[in-house]
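Residues per chain are reported as follows:
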Amino acid sequence: MSDKPVLWITRKLSPATEARAARDYEVRLNPEDRVYSGDEIVAMSSEIDAILPCHSEIFSADVASRLSDRVKIIANHSVGVDHCDLAALKARGIVVTNTPDVLSQATAEIATLLMLAAARRAGEGDRLVRSGQWTSWSPSFMVGTQLTGKRLGIVGMGRVGLAFAHMVKGFDMELHYYNRRRLPPEKEMNGVYHETVEQLLGHCDVVSLHCPASPETLNLMNSARLSLLPDGAILVNTARGSLVDEAALIDALKSGKLAAAGLDVFQREPGGNPELSKLDNVFMLPHIGSATRETRDAMGFRALDNLDAFFSGHEPSDRLV
């Protein structure tokens with residue numbers, strides 16, 4: 001019998017991650033890459049010492065209360081941990097970690113793509129060419145919004161928000177931001193700090209969301225806040241779908257209050273919102289902000305680094321509880 005810790009990897013991860021895990025742990029894999037229910041997670045917990053899950057597995061208070069005492073650590077393959085009831089897991093004495101830093105650049109790239117695609121009507125243009133409906137041209141054809149010199153508002157200047165701000169410097173946009181705390185001057189990039197989201201929104205031709213999902217940020221962009229944006233503004237969201245009241249967003253897009261939106265995340269995932277799909281002025285992606293080969297390897301390795309530290313008696317660098 002192996003004396004290695006038993007590790008359950010709940011989803012199919014990068015080949016390099018699974019190979020490294022198999023070297024150092026007795027691994028239980030998920031070759032079908034299916035999502036496990038709470039009851040299945042509880043049932044498996046009596047056979048394992050550690051879990052390496054993704055945001056698709058839900059560790060609610062109920063699930064946490066029923067986990068086997070054998071489980072000592074949950075090393076998430078994600079930065080966001082809104083799928084974990086941290087208080088309930090802490091009460092069970094289970095260590096929880098995440099994977100910060102390693103996906104910031106990839107997610108910032110997707111935010112840039114969404115901003116450009118929404119502003120320049122890329123989704124509409126692609127559909128026109130593919131469908132054979134592009135039959136004419138005129139100076140008024142497919143006119144969008146030029147980003148150069150516009151005002152960019154960032155909600156949440158953490159790792160991803162900062163990476164996005166650096167990435168779009170070439171557009172010479174006027175930077176405004178809201179964060180729970182003002183950044184030190186050397187990190188602000190000449191940006192203008194606003195003490196509340198409401199103060200920020202009036203200064204945004206484009207607003208990009210980069211804050212975590214929490215009870216405080218649920219429906220952060222509701223009808224009241226959307227109304228504070230200048231007419232014709234653009235909304236970008238690569239953070240979490242729960243940050244946006246989608247009914248209010250749809251109303252703003254239909255009325256012209258918003259010119260467009262670029263979305264990588266939705267309140268219902270997978271699947272998205274069929275009502276958003278009916279609107280031409282929305283560019284959408286299926287939650288692929290961190291989906292690069294390089295980032296998937298880095299996320300897997302970061303989760304394994306946390307596990308290695310824990311089982312060698314050291315403090316995991318990304319411990320949350």
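Refer to the structure presented above.
Residues numbered from 1 in each chain as written. Predicted model: local features only at pLDDT ≥ 70, side-chain atom pairs only at ≥ 80, totals over all residues. Heavy atoms only, no water.

Draft legend 1. Molecular detail of the sheet that holds strand β3 (residues 50-52). The sheet built from 5 strands is open, its strands ordered β2-β1-β3-β4-β5 with parallel pairing. Whereas interior strands pair on both sides, the edge strands pair on one side only; in this sheet they are β2 (26-28) and β5 (95-97). Taken pair by pair, the neighbouring strands of this sheet meet at an average axis angle of 20 degrees, ignoring direction. Where strand β1 (residues 6-9) and β2 come together, 3 bridges link them in parallel fashion. The residue bridging W8 from the neighbouring strand is R28, located in β2. Packing against the sheet, helix α12 (residues 293-311) makes contact with β1, β3, β4 (73-75) and β5, and its axis sits at approximately 155 degrees to β4. (Pairing = 2+ DSSP bridges. Helix = DSSP H or I, 4+ residues; strand = E, 2+ residues; numbered from the N terminus. Axes fitted to C-alpha atoms, helices over the stretch in contact; angles between N-to-C directions. Contact = heavy atoms within 4.5 Å.)

Draft legend 2. The arrangement of the sheet that holds strand β11 (residues 258-263) in detail. The strand order β8-β7-β6-β9-β10-β11-β12 describes an open sheet built from 7 strands, whose pairing is parallel. Looking at the sheet topology across the chains shown, the edges are occupied by β8 (192-194) and β12 (282-284). Direction aside, the axes of adjacent strands within the sheet are offset by 15 degrees on average. As judged from the 3 bridges shared by β11 and β12, these two strands associate in the parallel manner. Looking at the pairing, A261 lines up with V282 of β12. Packing against the sheet, helix α7 (residues 159-167) makes contact with β6 (151-155), β7 (174-178) and β9 (206-209), and its axis sits at approximately 165 degrees to β6.

Draft legend 3. Local environment of the pattern of salt bridges. Applying the stated criterion across every chain, the model contains 23 salt bridges. In this structure, R121 and E124 form a salt bridge, with 3.0 Å as the shortest nitrogen-oxygen distance. Of the residues examined, R121 reaches a relative accessible area of 27% and is grouped as partly exposed. With its nearest N and O atoms 3.5 Å apart, the salt bridge here joins D280 to R127. With D280 in the loop between α11 (274-277) and β12 and R127 in helix α6 (residues 122-131), the pair connects residues that are 153 residues apart, well separated along the chain. Here D280 falls in the partly exposed class, since its relative accessible area comes to 49%. The partly exposed category is assigned to R127, whose relative accessible area is 39%. Beyond isolated ion pairs, a larger network of salt bridges with shared partners links D101, R159, R302 and D318. (Salt bridge = Lys/Arg side-chain N within 4 Å of Asp/Glu carboxyl O. Buried < 20%, exposed > 50% of the residue type's maximum accessible area, 1.4 Å probe, protein only.)

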